[in-house]
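Examination of the molecular architecture
Residues per chain are reported as follows:
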Amino acid sequence: MKRYIMLIGLITQLFSAKAQKVDFSTYPVYDGNDLGLNYTPKSSLFKLWAPTASSVEIINYKDGDGGKEINRSEMKKEPNGVWSALAKTDMKGTFYAFRVKINGNWSDEVPDPYAKAVGVNGKRAMVVDLAQTNPEGWEKDKSPVFNQKTDAIIYELHVRDASIAANSGIEQKGKFLGLTEKGTKNADGLSTGLDHLKELGITHVHLLPSYDYNSVDESVTDKPQYNWGYDPLNYNVPEGSYSTNANNGAVRIKEFKQLVKTFHDNGLRVIMDVVYNHTALTEKSNFNQLVPGYYYRQDEKGKFSDATACGNETASERAMMRKFILESVMYWVKEYHVDGFRFDLMGVHDIETMNLLSKELHKIRPDILLYGEGWTAGKSPLPDEQRALKANAAKLDRIAVFSDDIRDGIKGSVFEHTDKGFASGKPGMEETIKFGIVASVQHPQVDYTKVNYSKAAYSKEPFQTITYAECHDNHVLWDKLNLSAAPNAMQDANPVDMKEMNKLALSIVLTSQGISFLHAGTEFLRSKQGVENSYKSPDEINAIDWSLKSQNKDVFDFVKGLAELRKKHPAFRMPSAEQIRKNLVFFENQQSGIVGYELNAAAAGDSWKKIQVWFNGSGEEKTVNTGKEKWISAVKDNLFEKKDNLTGSIKLKPYSCTILYQ
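Please read all numbers here as calculations on a predicted model, not as lab measurements. (Residues numbered from 1 in each chain as written. Predicted model: local features only at pLDDT ≥ 70, side-chain atom pairs only at ≥ 80, totals over all residues. Heavy atoms only, no water.)

On to the overall build of the chain, then. Per the secondary structure count, the chain includes 15 helices and 27 strands. Whereas a compact globule of 662 residues would reach a radius of gyration of roughly 26 Å, the chain reaches 26 Å, a difference of no more than 12%. For the chain, the spread of C-alpha atoms along the principal axes amounts to about 85 × 55 × 50 Å. At a minimum sequence separation of 6, the contacts of the chain that also span at least 24 residues come to 70%. If you sum the accessible surface of the chain, you get close to 25,500 Å²; carbon and sulfur atoms cover 50% of it. Between the mean site of the 83 positive side-chain charges and the mean site of the 85 negative ones, the chain shows a separation of 2 Å. (Helix = DSSP H or I, 4+ residues; strand = E, 2+ residues; numbered from the N terminus. Rg over C-alpha atoms; globule rule 2.2 N^0.38 Å. Contact = heavy atoms within 4.5 Å. Areas by Shrake-Rupley, 256 points an atom, 1.4 Å probe, with all protein chains shown as cover. Lys, Arg positive; Asp, Glu negative; His and termini not counted. Charge placed at Lys NZ, Arg CZ, Asp CG, Glu CD.)

Listed below in structure tokens is the structure:
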């Protein structure tokens, strides 16, 4: 047995050494834009890039899974590694897969990487007439007006979470169509779903992965299943478990379009969370079956590198992977009218590719919104200076990065569960909060030596920073406060304090420069019962509990008011770093736990002349000096409360936000 294991190890080393020597840059590049299916009612032309194959077959089926094949034919070899097959009949409604012969061995049957429709569980591509998947009025669909990137208030939402709870009042639970329903309410008559999003006042709905992913068995409809969806299977196809019929590829397409159109009709833009940095499967992925190794990076030993901690990382710098990602995002914009993309682990991708995407997407949609995670989950063989990392944000063209500085500055480190942040009373976080307020751009009053992570400004302009306190990853804000500041955590806060901490945290997010980002349910203290990584937890953990909106109506009303305030007053969302430096002045030499600043609002085109913002992140009432001029309060101690003739010294309650204006 031992000798057998040693022999297997030797064979593995030989193959690794061989893999290491592959020069993928010598592979031919195809410049055409017609890979995949080219359909008309009279014919279907199939094209596949498989440069190392000696033979390629296309297999046609009546069904998306199982059943007998109806045809099998050899594809014709074309220049630049392309293979083609032409069917001179109407193939609509049939399914197909490819297999390739490389070094005398046939691959598995896999769907077309460029597939626009698939059958159940994405095993076979489907021939569809995309024009017939358009909902009524689709040709007139128009995105809501969006003037500048810092106007965005993003709301991150999982399709299933939004409606699956019994108290959601939504009929099509867990489906795309559930978010198209109007007039839905919880038991107390408060709006849920679509109406809630409109009421809250956000501008963009960021949908967690809604392309076809691997972890949910779409053939099982009578048993609850859950996943966030960060395990891509077919990039250009909507997820089947969110449709009313996963077997018919046309249904999921039409229903996702219905969702987009409904959002647009109701003043909401749609952002897709996309995961081009890795695939769910590695050796068995359609990419790797068709062109082994090419679409992935390798380490120095020739093995799959893994900066994603998911078993592989894609090689965005290689011509045909870059081409695939570019054509994929352009397809979603053109065919589905989506308004932006959030790139998962964007730090895995190379800067050149990301800037190319931005350039081409902005040609189609000048108002498109692009942002991503400026980090990786592990080491990559691509040098840091070439990757879309947070530190390289200034090199990115109209692409924003998440600020983990402000996130952890507000609530404490996501990696240390009991660590507090500014909003929960931790001293010494004031400079980090100031860094977040100016959206990570250079400002003369920020002491970068005291910022928690970044010791220098990394954004050239404020629209390159996503300002947030939480997202789907790690603990939601309310659970983090329970871990770090609740009485049972042996800290000094109480439930009343914690609610004020939550309000303070969100007031920092919604009044800071940059782009505001909220996680679904934070506006009424959503909890995941302490589960930190709920990517496959059951609905009991992930479902939005709509009764919380009734229980915490005061928090909802406060966040709604902040969103309205931000939208009405451009001083909170200045478009340039120069404007921020000129028009935002911090009050210096403040007590511990106090951050205050004044905005020259009129110079930023605001209807208010001046604005003062004060945050008290301490557990004690503090007195601050507003100066000799008279002020009116818009927000006083986390309440929308108008008081005239405030001047000189004012008191700030613990864990509070106060906003004054002239």
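Okay, the sheet that holds strand β1 (residues 36-39) next. The strand order across the open sheet formed by four strands is β1-β2-β6-β5, and the pairing between neighbours is antiparallel. In this open sheet, the two edge strands, each paired with only one partner strand, are β1 and β5 (76-77). Here β5 pairs with strand β6 (residues 82-87) via two bridges, running antiparallel. Counterpart to Lys 77 in the pairing with β6 is Trp 83. (Pairing = 2+ DSSP bridges.)

On to unusual backbone geometry, then. For Asn 103, which is not glycine, the phi torsion reads 55° and is therefore positive. Looking at Asn 103, the relative accessible area reads 69%, which means it is exposed. Phi angles above zero are rare outside glycine, and Asp 637 is one such case at about 55°. On the secondary structure map, Asp 637 appears in the loop between β24 (632-636) and β25 (639-640). (Buried < 20%, exposed > 50% of the residue type's maximum accessible area, 1.4 Å probe, protein only.)

Let's shift gears to the environment of Thr 94. One can find Thr 94 in the loop between β6 and β7 (95-102). Judged by relative accessible area, Thr 94 falls into the buried class, the value being 15%. Among all residues touching Thr 94, those that are not within four sequence positions of it are Tyr 61, Ile 70, Ala 125, Met 126 and Val 127. Polar contacts involving the side chain of Thr 94 include one to the main-chain carbonyl oxygen of Met 91, which spans 2.6 Å. (Polar contact = N/O pair within 3.5 Å; in protein donor to acceptor, adjacent residues only side chain to side chain.)

This structure, assessed with the given rule, holds 39 aromatic pairs. When the ring of Tyr 468 is compared with that of Phe 517, the centres are 5.8 Å apart and the planes differ by 80°; the resulting orientation is edge-to-face. Here Phe 517 lies in strand β19 (residues 515-519) and Tyr 468 lies in the loop between β18 (465-467) and α10 (477-484), a separation of 49 residues in the sequence. No difference in accessibility class separates Tyr 468 from Phe 517, as the two residues are buried. The interplanar angle of 5° and the centroid separation of 3.9 Å between the aromatic rings of Trp 608 and Tyr 661 together place this pair among those described as stacked. Of this pair, Trp 608 sits in the loop between β21 (594-599) and β22 (611-616) while Tyr 661 sits in strand β27 (residues 656-661), placing them 53 residues apart in sequence. Assigned by exposure class, Trp 608 and Tyr 661 land together as buried. Following the ring pairs from residue to residue traces out a cluster consisting of Phe 24, Tyr 27, Trp 49, Tyr 114, Tyr 211, Tyr 235, Tyr 276, Phe 287, Tyr 294, Tyr 295 and Phe 324. Above the plane of the ring of Trp 106 lies Arg 99, whose end atom (NZ or CZ) is 4.1 Å from the centre. It is Lys 549 that lies over the ring of Phe 556; its NZ or CZ is 4.4 Å from the centre. (Phe/Tyr/Trp six-rings, centres within 6.5 Å; stacked < 30°, edge-to-face > 60°. Lys NZ or Arg CZ within 6 Å of the ring centre and 35° of its normal.)

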